[in-house]
Every structure is written in C-alpha cells, then in structure tokens.
Amino acid sequence: MGVRDELMEGRGAIPRLGRVVEVNRAHPPYAMLDATGAEVEPVTAFLRDLALGDSSPLTCRSYGYGMLRWFRLLWLLGTGWERATESEVAVLTGWLRSAANPQRQRHRADAPVAGTVNLRTGKASLGAGYAPRTINHALTVISGFYEFHAHQGRGPVVNPVPHSAQRRRALGHRSPLEPTPVVGRARLRQRVSDRSPRSIPDRLWDELFTAMNCDRDRALLEIFVASGARAKELLGITVGDIDWSGQRIYVITKGTRAREAVPVSPQGLFRLALYLDAAGTPADGGPLWRARRGPDRPLTYWAMRRVMQRANTLLGTNWSLHDLRHTAAYRMANGGKLTLPEVQTIMRHADIQTTNRYLSVHIEELFDKLTEHYATPRPARHYPADYAAADIEAVFGA
C-alpha cells in the first residue's frame, strides 16, 4: 500500500512541520513558516489579501492553520503547491475523515467515550475524528488560496478543489429572506446535519447556576443568558461598557467588530453589582472580569471554559459556554413577549432564518404532555343496543 492509500485510510501520519506565528504587522497579522523557519511567501500573499479585505485577525489565523495542514501534506508527498491536483485534495479529505483528531484526545480516565450522548443534556460528546464542518472548512481555505493565485496568474490552471456550479448559481443572488435552496454538494464536500440549537432546560439551568461558587461566575451566567452575548464579547467588556441606568452593555460584535449595545436584565446587573462589591471596581479601561487567584489579570475564555468544565464534572453534564447564548435566544423566541425580528436584533443575527431555528420544540417540553397521553386509557367502544352481538363481531371483529 502506498503513502497516499495509507493516508486516506488514516494509517499514516502527516509530519507536524512548520508553524503559524503572530507577526508584527497588520497585513497579514499571522504568517506561516516552513520547517526551516522561513516564511512561505505564497501563503503570506494569500493571507495579506484576506487582511486587506477586512477579514478579522482570527480569520487570518484560522486560514493560516488551514494552509499549514495543506502544505504539510504537499511536503510529505513531494508535490509543489503550484502542481497540486484534485488527487492531493482527495488524499487530504480521506485523511481528515479517517484520522484521529489530537484535540479530541481524552486524558481523564472518567471522560466520556467520544461521540456518546450525555443522557442528562441530550448532547453528544465530540467525536474522535475531524468533524464534517472542519473538513469543509479545510476545502474552502484551499479553494480560496488557489482562486487568489489564479487571479494573480500563478498556480494550476484548474482549481484542485471541486466546486458545484449548481450551488454557485443558486446562491449567487439569493435574498437573505428566502429559504436556502437544496442543491447538490460538490465532490469531496461532506454532508453536514442541521441540528437544532441545544438550550438548557430550566431545571438543569438552576442546577448549573447553583454549581457556580462565586459572585463573578454567577454574574457571568446571569448576564450570558440575559443578553445573549457571545463568550468572547462578554469577557472583553470594561467598566465603561456598562450602562447601569439604561440596563445594557456594549460589546464588540463578532464579524463586524462594531461596538453595539445589548440589553441586560435587572437581575444580571444586580449580580454584577454583588461581584464588583466583593472584588472591587477596576480602573477605567481595565477588564471587568478578572481572575480570582494569582496576580491581577483578565479572565480569559479558557479560564471561564474551565469553570464550566468543573461544573459539568459535578453535575454529570456537558454544557458549553455557547449553550448559554442558545438558551438566551430560545427563551426570547419562545417567551411570547418578543417578535422574531426583535430577537434577531438582540442576538445580532445577520439572517432571520438563523433566529427562526430557535422556534423548534424540544423533547423536554413534551414530557408532561406525553405522560398525560400515555396515562389516558384507551377509549371503550360502545354500540347501540339494537345491534346483535354476533353481527357486531362479524363486522368489527372481537
């Protein structure tokens, strides 16, 4: 069996050569280095074009790692990037479908088996391999790289990543108000299931809130669910971003990177006041959320993620920080007080179809109705007294 076949079956490993580093410039803010530490110029040109097109630094970083995976494969196969074909893309797709994802390795003995469903939350644990969305993202990065260089007159004549002409025609002029048409996938693209967002039921939310052991974490959870803000948005606010009288906070929105107001409940502001009374109010411009132990420093996303992990271990659940945003959207959409466009405005969804997904019924809400349904006795049959029993049995059976 050759190297290509072994990779496609997940039996071979791609050497972890090169790296992505942050550089001291804006266009691009990240660069990809080869095994010798030299910058890979074709990738730098591609990332520079992304940065000049107003892509966020995190997008450049993500695309940099996508290119690093692609070039590692090409280095292993001894193929120059300008001579790559669909054959190499197929090898990468096969390897991603069958290889183990190192970020999914479980180090604890009591960790759930990859892909199993948590019976308390109904959420599946992350699988051991690469998710279909990850594979599709990798293909998108590579396709964009070759489209850019084809525009510059470099690289192969044909993009090595297959595309669906039908999909491009269907989505080229679609209005955001129209439903997404069903079109065929391009070759090598993975099927992605459209699962409804998972919100936290009230009973399990109360347990999670009780598991928080300090005013800071309780305030964070309350504001998460009251505002629907994303984790990185909420963790990045300062004291100057709080409008106490207006009952709102200002966050830097993902995507547009604009400073926008989001509402906060009175209970959330009350919890926040308790936290500031206990921890002290930071200086103007300083981070609002701070670590509780060690030197005074901002509370990072990974530290807050660890708070959720400890609560999950205690409760036997597998909630994530983003589930708090799902919970906020679900409560607003199904509370009967807000219209769908109003919820879209609060959640800052670009497409109202995204907001519409939160109107789905969860199985947990049907338990009481199903219990009543199962407990209802089967209706008894009654026939008029004038009919003979033998005739009824002959027509309707025993």
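For the structure, see preceding data.
Read on for an overview of the structure. (Residues numbered from 1 in each chain as written. Predicted model: local features only at pLDDT ≥ 70, side-chain atom pairs only at ≥ 80, totals over all residues. Heavy atoms only, no water.)

## Description of the packing of aromatic side chains
As enumerated under the stated definition, the model contains 13 aromatic pairs in all. Arranged with centres 6.2 Å apart and planes meeting at 45 degrees, the rings of Phe46 and Phe148 form a pair that is tilted. Residue Phe46 is located in helix α2 (residues 41-52), and its partner Phe148 is located in helix α5 (residues 132-151); the two are separated by 102 residues in the primary sequence. Classification of Phe46 as buried rests on a relative accessible area of 4%. On the accessibility criterion, Phe148 (12% relative accessible area) is buried. Ring geometry for Tyr301 versus Trp302: centroids 5.2 Å apart, planes at 85 degrees, classification edge-to-face. The exposed category is assigned to Trp302, whose relative accessible area is 59%. (Phe/Tyr/Trp six-rings, centres within 6.5 Å; stacked < 30°, edge-to-face > 60°. Helix = DSSP H or I, 4+ residues; strand = E, 2+ residues; numbered from the N terminus. Buried < 20%, exposed > 50% of the residue type's maximum accessible area, 1.4 Å probe, protein only.)

## Focus: α2
Along its 12 residues, α2 runs 16 Å from first to last C-alpha, staying within 8% of the 16 Å computed at 1.5 Å per residue. Every buried residue belonging to α2 is among Pro42, Val43, Thr44, Ala45, Phe46, Leu47, Leu50 and Ala51, and all of these are buried. Packed against the buried residues of α2 are β2 (30-33), α3 (57-77) and α5. (Expected span 1.5 Å × (residues − 1). Contact = heavy atoms within 4.5 Å.)

## A look at the environment of Glu233
Checked against the element boundaries, Glu233 lands in helix α9 (residues 231-235). For the pair Glu233 and Asp202, spaced 31 residues apart in sequence, the C-alpha separation works out to 24 Å. Setting aside residues up to four positions removed in sequence, Glu233 forms contacts with Val251, Ile252, Thr253, Lys254 and Arg348. Of note is the side chain of Glu233, whose polar atom sits 2.7 Å from the side chain of Arg230. (Polar contact = N/O pair within 3.5 Å; in protein donor to acceptor, adjacent residues only side chain to side chain.)

## Some points on the pattern of salt bridges
Counted by the stated rule, this structure contains 13 salt bridges. Between Arg331 and Asp202 there is a salt bridge whose closest N-O contact spans 3.5 Å. Separated by 129 residues along the polypeptide, Arg331 in helix α12 (residues 321-334) and Asp202 in helix α7 (residues 202-211) bring together distant segments of the chain. Judged by relative accessible area, which is 32%, Arg331 ranks as partly exposed. The salt bridge partner of Glu233 is Arg230, with a shortest N-O separation of 2.7 Å. Accessibility assignment for this pair places Glu233 and Arg230 in one class, buried. (Salt bridge = Lys/Arg side-chain N within 4 Å of Asp/Glu carboxyl O.)

## Side note on the packing of α3 against α5
Two quantities define a packed helix pair, namely the angle between the helix axes and the distance between the axes. Axis separation between α3 and α5 bottoms out at 9 Å; the angle between their running directions is 85 degrees. Taken as axis vectors, α3 and α5 run roughly perpendicular relative to one another. Within the contact between the two elements, α3 uses Ser62, Tyr63, Gly66, Met67, Arg69, Trp70, Phe71 and Leu74 and α5 uses His137, Ala138, Thr140, Val141, Ile142, Phe145 and Tyr146. Looking at the contact of α3 with α5, its residues break down into 10 nonpolar, four polar and one charged. (Axes fitted to C-alpha atoms, helices over the stretch in contact; angles between N-to-C directions. Parallel < 35°, antiparallel > 145°, perpendicular 65-115°, else oblique. Nonpolar A, V, L, I, M, F, W, Y, C, P; charged D, E, K, R; others polar.)

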